[in-house]
Amino acid sequence: MVRPAREETGRQGLETARLTFYNRATEAGDPRVTSFIYRRPFTVPWGDCDPAGIVFNPKFFTYFDTNTWQLFEAATGVKVHDINERFGIIGIALVDAGANFMKPVKYGDEIEIVSRVAEFRRSSFVVEHKILLGGDLRNEGTETRVWAVKHPDDPEKIKTAAIPEEVIKAFK
């Protein structure tokens, strides 16, 4: 397993460690690491803000969710509303999410939401998100999602399935 460098401390050190891990894993041909990045410009609407005009933190999870689906559409070429049918799934279910709110984002800010699949596993994957304002990192988040299908014995239940190789290859 490739380990990130730990030379620096703090936020900058963490970012350096992530980039070092990504670069080493990519150079090593690690099939779990992807290179496809999806970027979306977005102007913050008033309805996403509190009375002080600062984005209400839960809204960032909506931004992340939207970007994940659009990331899949951009990488695979399959429209969001066709993904489930095309791949025989009931969805890419969210099982874990987290965020680090470092600097405020406000009404009218023209931000960029940058997302990529950081790692594919057998039936799950991790998506990393960054919120940038003028190139400055404001917030970041992660989602872990699973490739969800109907349970063969009970259609009221779901289970995970292996992510198809064609999907993983679309992110290379």
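Residues numbered from 1 in each chain as written. Predicted model: local features only at pLDDT ≥ 70, side-chain atom pairs only at ≥ 80, totals over all residues. Heavy atoms only, no water.

### Topic: the environment of Leu-137
Within the element layout of this structure, Leu-137 appears in strand 5 (residues 136–150). On the basis of relative accessibility, which here comes to 18%, the residue Leu-137 falls in the buried class. A C-alpha to C-alpha distance of 8.0 Å links Leu-137 and Met-102, two positions 35 residues apart in sequence. Here Leu-137 is in contact with Met-102, Lys-103, Lys-130, Ile-131 and Leu-132, once residues within four sequence places are set aside. (Helix = DSSP H or I, 4+ residues; strand = E, 2+ residues; numbered from the N terminus. Buried < 20%, exposed > 50% of the residue type's maximum accessible area, 1.4 Å probe, protein only. Contact = heavy atoms within 4.5 Å.)

### Remarks on the nonpolar core
Counting residues in hydrophobic clusters, the biggest one holds 21 residues, and the most contacted among them are Phe-72, Val-117, Phe-125, Trp-147 and Phe-171. Looking at this core, the elements with two or more residues in it are helix 2 (58–76), helix 3 (83–87), strand 3 (110–120), strand 4 (124–133), strand 5 and helix 4 (165–170). It is helix 2 that contributes the most residues to this core, four residues altogether. Among all residues touching Phe-171, those that are not within four sequence positions of it are Thr-34, Ser-35, Phe-36, Leu-71, Phe-72, Ala-75, Thr-76, Val-117 and Phe-120. Counting 11 residues, the second-largest nonpolar core is a separate cluster that includes Phe-60, Tyr-63, Phe-64 and Val-105. (Core = buried A, V, L, I, M, F, W, Y, C linked by side-chain atoms within 4.5 Å.)

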